[in-house]
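Structural overview
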Amino acid sequence: MTKQSLSEYLEEYGAGRIDREEMLATVAAWPLEEREWDMAHTLPTHQDNTADEISGALLEGILTEEDYREIWRRRGKTV
């Protein structure tokens, strides 16, 4: 079984196939990976399970500012 990416999950939410409370609980508990940087490349490698995906979903309008803050609050982080 292939592990679903955070990007795919957030796209499902944006398409209305997942309700808000389920999304908040799931994303807040999502095991995020650390961003891997390769010094041989000027851009980061593509990873779908990082905090960057949550920020990107906010910028793309998939998440609201309230959603974004609530996810990080539930993760025990302040924004």
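Described below are features of the structure shown in this document.

Analysis parameters
Residues numbered from 1 in each chain as written. Predicted model: local features only at pLDDT ≥ 70, side-chain atom pairs only at ≥ 80, totals over all residues. Heavy atoms only, no water. Phe/Tyr/Trp six-rings, centres within 6.5 Å; stacked < 30°, edge-to-face > 60°. Helix = DSSP H or I, 4+ residues; strand = E, 2+ residues; numbered from the N terminus.

Before going further, it helps to examine the packing of aromatic side chains. For any pair of aromatic rings, the description rests on two quantities: the centre-to-centre distance and the angle between the ring planes. On inspection of all chains with the given rule, the structure shows two aromatic pairs. With a centroid separation of 5.6 Å and an interplanar angle of 50°, the aromatic rings of Tyr9 and Trp30 are classed as tilted. Within this pair, whereas Tyr9 is found in helix α1 (residues 6-14), its partner Trp30 is found in the loop between α2 (20-29) and α3 (51-59), the two being separated by 21 residues in sequence. Between Tyr68 and Trp72, the ring centres sit 6.3 Å apart and the planes meet at 70°, which makes this aromatic pair edge-to-face. With Tyr68 and Trp72 both in helix α4 (residues 65-74), this residue pair falls four residues apart, about one helical turn.

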